[in-house]
Amino acid sequence: MVAFKLPLLLVLLHAVFGSAHRWFNWQFEVTCESDGYVAPHNEQAVANFLKNQYPNAPHIKVVGNGHGFGNLTTCVDTSLTQKKSFIVSLTNLKDISIDKTNMTVTFGAGWDVYDLIEELRANDLSFQNLGVERVQNMIGAASTGTHGSAQDLGNIATQIIGLRVLDAQGNLRIVNETMNAQELDAFRISLGALGLITEATIKVQPTTFFKRTTVVLNSTNDWNQFYTEMEQMYKEHERLTVWGPHFDYFENNKTWGLEPTYFASYWEPTNYTGARNCSDNYCANGCGNCKQNYFCYDEIAYANSCPPQGVCSHEFYAEIEHFFPIEEFVNVATNYTTYQQSQNSRMNTDYNGLVIYQWRALRGDSAWMSPVNTYNLGPESSGVFGIIEIDWLQSYNNFPALWDNQALADEFMPKFGEKFNARSHWNKMNPANATLIKELFPKLPDFLAIQERQDPQCQFVNEFLYTQLGIERCANYV
Ligand SMILES: Cc1cc2nc3c(=O)[nH]c(=O)nc-3n(C[C@H](O)[C@H](O)[C@H](O)COP(=O)(O)OP(=O)(O)OC[C@H]3O[C@@H](n4cnc5c(N)ncnc54)[C@H](O)[C@@H]3O)c2cc1C
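Calculation rules
Residues numbered from 1 in each chain as written. Predicted model: local features only at pLDDT ≥ 70, side-chain atom pairs only at ≥ 80, totals over all residues. UniProt positions renumbered as here; feature names shortened; annotations may be inferred. Helix = DSSP H or I, 4+ residues; strand = E, 2+ residues; numbered from the N terminus. Rg over C-alpha atoms; globule rule 2.2 N^0.38 Å. Buried ≥ 20, exposed ≤ 12 C-beta atoms within 10 Å, placed from the backbone. Contact = placed C-beta atoms within 7 Å. Near = placed C-beta within 6 Å. Nonpolar A, V, L, I, M, F, W, Y, C, P; charged D, E, K, R; others polar. Core = buried A, V, L, I, M, F, W, Y, C linked by C-beta atoms within 7 Å. Domains from an automatic or database assignment. Pairing = 2+ DSSP bridges. Axes fitted to C-alpha atoms, helices over the stretch in contact; angles between N-to-C directions. Arc of directions from axis to C-beta. Parallel < 35°, antiparallel > 145°, perpendicular 65-115°, else oblique. Left-handed = near helix turned anticlockwise from the far one by under 90°.

The name recorded for the chain in an unreviewed UniProt entry is D-arabinono-1,4-lactone oxidase, from Aspergillus wentii DTO 134E9. According to the UniProt record, the Pathway (unreviewed entry) comment for the chain reads "Cofactor biosynthesis; D-erythroascorbate biosynthesis; dehydro-D-arabinono-1,4-lactone from D-arabinose: step 2/2."

Written out as structure tokens, the structure reads:
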């Protein structure tokens, strides 16, 4: 009997506390070694873990699905610290309740975007706004301000109306429209810095259908003309994403060439309820034939985003995504494109394949750490942001080529951040500069005050948070 019980006990202990665990992000280029991967089964177990560990002050990194381009979600590597370093995943917190009277959904932190969409669909409900993928954890996505493209809608964190959060000592804080309401704007986008979110409540809507129209357009390298035409499209379409220009690398003569065409998709609400067909011809991440004129109808999530199996190309890639007041659209777009082009000769390696631009737009919001926070905008601003994404995609996975592309990606913020009031997407390439971040995020001091209350011993701080946010009190966090 004893012989049977001991292994069982060990298995159970491992399930809760784990043993040394190496963490990787989605494309396996960001990694860290931890002392253990912890996946508690309910909120109480998470609280107990934090409370029991607090006297030893270990490093604690709460993770979603690691779908980022930088080291935001990385643990403190065991080689850098005398303390223990744990990775905590709340993937087992899978409670859910749907309130159709108030049109809200309350769900545990274990829900991934894909599964939540399916659950909502089964209950005749829809999200309002999504990114192009559904692979993220829902809290992980909200915590960095993940978004789609809609000038009248904010990012997905704006749908949050309530949260349950555990601080470093395992104390529960409820933040919603009636309790600690003044802190909702701090916790909606919290970068994993304010504690472990165990549950969220979001606003949803009845099943909504959209028509997606894709059009193929002709390119020109007269950037002023190219982007003036694109700006006009944004005036005509509330929900619009443009993929272009596209540049290809030619190995034979080591040059980059502009593709003659690019494409754009726009979405319109429709009362169509026939066959749902956007998934049949969805084009993202290199899947399907993207450059063709077509239209489709579907429930909003399916019309907007692609499921995990839609990730067809797994080249390494570097990426920037910057948000800027949309009034400067042509100027910003021309400057970024001209600079990227001027650096082409640095990228003349056969490992590189394609540089592609993606453009979106988003309504600004009041979350303190939102990249589209409106706190430093002048009265002349509409409060809508344009979004530029540049993707450097490789044809062959090669680390030095990736690092070179990342170094180039890091040059855009110092060059254009201050000039265009441009802010970076949190989980994407962004060089650390706490001084600039303070200008772009005027509520940062208030955020850091809450961070200190939630995490007095700097247990949630990693290199990203320390250097990007300038958390001076945590200078000795390792
Ligand atoms: C290929 C690709 C495509 C993408 N497309 C888009 C897009 O269309 N639009 C867009 O806006 N973004 C996009 N992103 C960015 C992506 O949505 C964000 O990086 C998102 O944060 C990733 O979610 P995740 O669950 O993988 O989070 P992780 O990277 O695991 O975590 C993100 C942050 O959330 C914190 N966190 C996670 N869970 C909790 C919790 N329970 N409590 C407290 N904090 C927590 C983590 O500590 C971390 O700080 C894309 C990324 C990739 C790689």
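A. The overall build of the chain, seen in detail. In terms of regular secondary structure, the chain is built from 13 helices and 21 strands. Over its C-alpha atoms the chain spans a radius of gyration of 22 Å, differing by no more than 12% from the 23 Å that the globule rule assigns to 478 residues. Overall, the chain is about 70 × 55 × 50 Å in size when its C-alpha atoms are taken along their principal axes. Residues counted as buried form 46% of the 478 residues belonging to the chain. Taking as baseline every contact in the chain between residues at least 6 positions apart, the subset at least 24 positions apart corresponds to 74%.

B. Summary view of the site of the ligand. If you check the shell around the ligand, you find 30 residues, and the closest are Gly64, Gly131, Gly140, Gly192 and Asn427. Contributing elements (two or more residues each) for the shell around the ligand: β4 (59-63), α4 (138-142) and β11 (196-203). If one sorts the elements of the shell around the ligand by residue count, α4 sits on top with three residues. Residues belonging to the shell around the ligand are distributed by class as follows: twelve nonpolar, 17 polar and one charged.

C. Representation of unusual backbone geometry in the model. Put simply, Gly244 and Pro245 share a cis peptide bond, and its omega is 0 degrees. With respect to the element layout, Pro245 can be found in strand β14 (residues 239-250). At Asp124, a residue that is not glycine, the phi angle is positive and equals roughly 55 degrees. As for its placement among the helices and strands, Asp124 is situated in the loop between α3 (113-122) and β8 (125-126).

D. Layout of the nonpolar core. Counting 124 residues, the largest nonpolar core has Ile87, Val88, Met138, Val165, Leu196, Phe385 and Ile388 as its most contacted members. Among the elements that take part in this core, strand β19 (residues 352-363) stands out by supplying six residues, more than any other. If you count residues domain by domain, this core takes at least three from each of domain 1 (96-207) and domain 2 (209-431). If near-sequence neighbours (up to four positions away) are discounted, Leu196 is found in contact with Val46, Val62, Val88, Leu90, Val165 and Leu166.

E. View of the UniProt feature "domain: FAD-binding PCMH-type" (unreviewed entry) in the chain. As annotated in UniProt, the feature "domain: FAD-binding PCMH-type" (unreviewed entry) corresponds to residues 30-207 in the numbering used here. Helix makes up 17% of residues 30-207 and strand 28%. Its end C-alpha atoms lie 38 Å apart.

F. Layout of the sheet that holds β4. One open sheet holds the three strands; their spatial order is β3-β5-β4, and the pairing between them is parallel. The open sheet has two edge strands with one neighbour each: β3 (36-38) and β4. Neighbouring strand axes in the sheet, compared pairwise and without regard to direction, differ in orientation by 25 degrees on average.

G. Representation of the sheet that holds strand β9 (residues 160-166) within the structure. Here five strands make up an open sheet; going across it, the order is β6-β7-β11-β9-β10 and the pairing antiparallel. One side of each edge strand has no neighbouring strand; the edge strands of this open sheet are β6 (96-99) and β10 (172-176). In this sheet, neighbouring strand axes are inclined to one another by 10 degrees on average, regardless of whether the strands run parallel or antiparallel. In the sheet, β9 pairs with β10 via five bridges, with the strands oriented antiparallel. Bridging from a neighbouring strand, Arg164 pairs with Ile174 of β10. On top of the sheet, helix α2 (residues 43-53) reaches β9, β10 and β11; it is set at about 45 degrees to β9, its chief contact.

H. Region of the structure containing α2. Along α2, the residues that are buried comprise Glu43, Val46, Phe49 and Leu50. For α2, the buried positions fall inside an angular range of 125 degrees around the axis, keeping them on one side. Set apart from the buried face of α2 by more than 90 degrees, the exposed residues are Gln44 and Asn52. Residues of α2 that are buried sit in contact with β3, β9 and β11.

I. Local environment of the packing of helix α8 (residues 329-342) against helix α10 (residues 412-420). Their axes nearest at 12 Å, the elements α8 and α10 cross at an angle of 165 degrees. Viewed along their axes, α8 and α10 adopt a mutual orientation that is roughly antiparallel. In the packing of α8 onto α10, the handedness of the crossing is right-handed. Across from Val332, Asn335, Tyr336 and Tyr339 in α8, the residues of α10 making contact are Phe412, Lys415, Phe416 and Phe420.

J. Structural context of the domain arrangement of the chain. According to the domain assignment, the chain consists of domain 1 (96-207) and domain 2 (209-431). If you average the C-alpha positions of domain 1 and of domain 2, the two centres end up 25 Å apart. Domain 1 puts 30 residues into the contact, and the matching count from domain 2 is 29 residues. Elements supplying a minimum of two residues to the side of domain 1 that touches domain 2: α3 and α5 (184-187). When residues of the side of domain 1 that touches domain 2 are assigned to their parent elements, the largest contribution, three residues, is made by α3. When grouped by side-chain class, the residues that make up the side of domain 1 that touches domain 2 number twelve nonpolar, twelve polar and six charged.

K. Molecular detail of helix α12 (residues 444-454). Along α12, the residues classified as buried are Leu444, Phe447, Gln451 and Gln454. An end-on view of α12 places all buried positions within 80 degrees of arc, on one side of the element. The exposed set on the far side of α12, more than 90 degrees from its buried face, consists of Pro445, Ala449 and Glu452. Contacts from the buried residues of α12 go to α5, α11 (434-440) and α13 (463-469).

L. View of the environment of Tyr37. Assignment of secondary structure puts Tyr37 in strand β3. Residue Tyr37 is classed as buried on the basis of its C-beta count, with 20 C-beta atoms lying within 10 Å. Sequence separation of Tyr37 and Ser19 is 18 residues, and the distance between their C-alpha atoms is 6.7 Å.

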